[in-house]
Amino acid sequence: MTARKPGRDVRLDFFRGLGLLFIFVNHIPDNAFSFLTLSNFLFCDAAEIFVFLSGYAAALVFGQRAGREGNAYAMAGVLARVWTLYVAHIFLFVIYTAQVAWTAQSFDNPLFIEEMQIAAFLDRPHVAILQALTLAHQPLFMNILPLYIALLVCFALALPAIPRLGPAMLVVSALLYACVPLFGWNLPAFPEGAWFFNPFAWQFLFAIGIACGWRAGVEGRPVATPDWLFYAAAAFLAATVPIRTWVSLGYYFDVVPPAFAQLAFQFADKTNQGPLRLLSLLALAIVVVRVVPRDATWLGARWARAIERCGINSLPIFCIGIFLSVAGHALLVEYGSTLANQAVVTAAGALSLLVLAKLLSWYKNQGRARKGAGD
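Keep in mind the model is a prediction, meaning the values are calculated, not measured. (Residues numbered from 1 in each chain as written. Predicted model: local features only at pLDDT ≥ 70, side-chain atom pairs only at ≥ 80, totals over all residues. Heavy atoms only, no water.)

### A short note on the overall build of the chain
Looking only at helices and strands, the chain features 15 helices and 0 strands. The C-alpha radius of gyration of the chain comes to 21 Å, within 12% of the 21 Å expected for a compact globule of 375 residues. On the principal axes, the C-alpha backbone points of the chain span a range of 60 × 55 × 45 Å. Counting across all 375 residues of the chain, residues that qualify as buried make up 47%. (Helix = DSSP H or I, 4+ residues; strand = E, 2+ residues; numbered from the N terminus. Rg over C-alpha atoms; globule rule 2.2 N^0.38 Å. Buried < 20%, exposed > 50% of the residue type's maximum accessible area, 1.4 Å probe, protein only.)

Structure, rendered in structure tokens:
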């Protein structure tokens with residue numbers, strides 16, 4: 001169903017697809033099955049996977065395009081992708097607000113509007129729409145695409161300078177990341193507060209992904225992981241997993257000292273990409289690259305290919321996943337959040353995403369086959 005391009009690293013598709021499935025599960029509040037996702041074992045989650053792999057893939061695709069067809073064409077390609085994401089975000093925003101409003105009215109549950117953070121839109125739609133167009137209005141679950149759009153715009157502007165100033169630009173990115181907690185930099189959000197994913201902080205992880213993707217895909221020199229770094233990363237993960245699991249379970253059983261939990265989450269602040277989150281993702285990447293080679297046989301298994309298709313069709317899968325998360329949450333609120341109901345909602349939503357990804361890949365492959373046959 002999904003014929004692979006020659007030389008394609010399917011690990012990118014697999015782990016991006018797995019991250020999208022994690023996002024769907026985690027976006028269903030109080031879902032017991034979210035304990036099976038990454039966020040309850042490490043101080044990072046699917047958002048870090050998405051941003052890091054997006055930076056890697058952007059460098060891979062547009063860096064190679066710049067080498068073949070010039071910087072101007074590659075920059076135009078990045079901006080075209082930005083426009084696609086922007087249109088998708090606005091479309092998603094409109095459908096999302098309509099879905100939440102309809103659900104609240106149908107179930108006579110106005111608290112759903114507050115929980116999904118669209119009250120400001122219903123109170124002042126003329127203002128909220130303008131704020132949404134500037135990416136400042138970000139209801140619940142609607143904050144990752146604005147971050148991705150902002151990061152891609154910066155990447156387009158920096159693209160011509162990467163071959164000459166790549167290492168220096170990475171240092172500047174690290175300094176900007178270090179300045180965020182010192183000066184409290186962020187972008188304002190509507191109706192109050194700031195962006196949930198602070199672009200001044202998250203840009204560093206994206207830049208690291210770009211640096212790795214550029215080195216591997218453009219320069220042809222994959223980032224080497226010496227043995228000492230691999231063992232250090234593995235030791236970090238081995239120490240982190242029990243601590244994070246203890247904190248996750250302790251939150252519900254009230255066995256973690258509040259001071260310890262507060263300290264842990266201070267260094268794992270999601271908005272500002274706390275250092276624990278950054279180190280967790282980088283350690284995970286180092287270990288996975290060593291443990292899962294490009295030619296791993298299990299990546300060709302049917303179940304793995306199903307997940308890979310989600311990664312290949314990441315944008316539609318993400319958007320539909322948001323709708324399914326909201327619908328699943330509403331059903332659990334109204335009909336009871338029993339473990340059986342959570343299992344049905346989670347399984348039905350995940351299966352729907354896998355089927356959709358298969359249909360999208362089938363359609364793309366049919367188009368390629370017809371084009372190749374001159375139809």
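### Notes on the environment of N143
Looking at where N143 falls in the secondary structure, it is placed in the loop between α6 (125–133) and α7 (144–158). Judged by its relative accessible area of 12%, N143 falls in the buried class. With sequence-adjacent residues up to four places away left out, N143 is seen in contact with Q138, F196 and F197. (Contact = heavy atoms within 4.5 Å.)

### Observations concerning empty space enclosed by the protein
The rolling of a water-molecule-sized probe over the atoms marks out the regions of remaining empty space. Under the counting rule described, the total for this entry stands at 1 cavity of 30 Å³ or more. Considering only enclosed or pocket space, the largest cavity measures out at about 50 Å³ in volume. If you trace the largest cavity, you find it lined by L20, I23, F24, I317, F318, G321, I322 and L353. If you list the elements that add at least two residues to the lining of the largest cavity, you get α1 (10–26) and α14 (314–335). (1 Å grid on protein atoms, 1.4 Å probe; cavity = no way out; pocket = protein on both sides within 12 Å on 5 of 7 lines; lining within 4 Å. Points joined across faces, edges and corners; volume = space filled by probe spheres on them.)

### Details of a nonpolar patch on the surface
Together, I243, W246, V255 and F260 line one region of the surface with nonpolar side chains, adding up to about 340 Å² of accessible area. Within the secondary structure layout, F260 lies in helix α11 (residues 258–267). A residue is classified by how much of its surface remains accessible, and F260, at 35% relative accessible area, is partly exposed. (Patch = residues over 30% accessible without salt bridge, like charges linked within 9 Å, V, L, I, M, F, W, Y side chains within 5 Å. Areas by Shrake-Rupley, 256 points an atom, 1.4 Å probe, with all protein chains shown as cover. Salt bridge = Lys/Arg side-chain N within 4 Å of Asp/Glu carboxyl O.)

### Examining the nonpolar core
The biggest cluster of nonpolar side chains holds 103 residues, and the ones touching the most others in it are V51, Y96, L152, F155 and F318. Take this core: its biggest share by element is 12 residues, from helix α2 (residues 46–69). In this structure, Y96 is in contact with M116, I118, P139, L140, F141, M142, I322, F323 and V326, ignoring residues within four places of it in sequence. (Core = buried A, V, L, I, M, F, W, Y, C linked by side-chain atoms within 4.5 Å.)

### A short note on the environment of Y335
By the secondary structure assignment, Y335 is in helix α14. Setting aside chain neighbours within four positions, we find Y335 in contact with F107 and N341.

### A closer look at the environment of A347
Its location among the elements puts A347 in helix α15 (residues 339–372). In this structure A347 comes out as partly exposed when scored by relative accessible area, which is 47%. Separated by 322 residues in sequence, A347 and V25 have C-alpha atoms that sit 9.4 Å apart.

### Some remarks on the packing of aromatic side chains
Following the criterion strictly, the structure yields 13 aromatic pairs and no others. Residues F14 and W303 carry aromatic rings whose centres are separated by 5.9 Å and whose planes lie at 80 degrees to one another, so their mutual orientation is edge-to-face. Placement of F14 in helix α1 and of W303 in helix α13 (residues 302–312) is noted, with a sequence separation of 289 residues between them. Judged by relative accessible area, which is 5%, F14 ranks as buried. Between W298 and W303 the ring centres are 5.7 Å apart and the planes differ by 5 degrees, which places this aromatic pair in the stacked class. W298 sits in the partly exposed class, given a relative accessible area of 30%. Taken together, the aromatic side chains of F14, F15, W298 and W303 make up a single cluster linked through ring pairs. (Phe/Tyr/Trp six-rings, centres within 6.5 Å; stacked < 30°, edge-to-face > 60°.)

### Quick word on helix α9 (residues 199–218)
Most of α9 is tucked away: 15 of the 20 residues are buried. At the N-terminal boundary of α9, the capping side chain belongs to N198, with an oxygen 3.0 Å from the backbone nitrogen of F200. G220 sits one or two positions beyond α9 and adopts a positive phi of about 70 degrees. (Polar contact = N/O pair within 3.5 Å; in protein donor to acceptor, adjacent residues only side chain to side chain.)

### Comments concerning the pattern of salt bridges
For the structure on display, the rule yields 8 salt bridges. Residues R11 and D9 are paired through a salt bridge, measuring 2.9 Å at the closest nitrogen-oxygen approach. Looking at D9, the relative accessible area reads 12%, which means it is buried. Here D227 ties to R290 by a salt bridge, and the two come within 3.3 Å at their closest N and O atoms. Separated by 63 residues along the polypeptide, D227 in helix α10 (residues 227–253) and R290 in helix α12 (residues 275–291) bring together distant segments of the chain. When its relative accessible area of 48% is taken as the criterion, D227 is described as partly exposed. When salt bridges with common partners are traced through the structure, they connect D45, E48, K270 and R277 into a single cluster.

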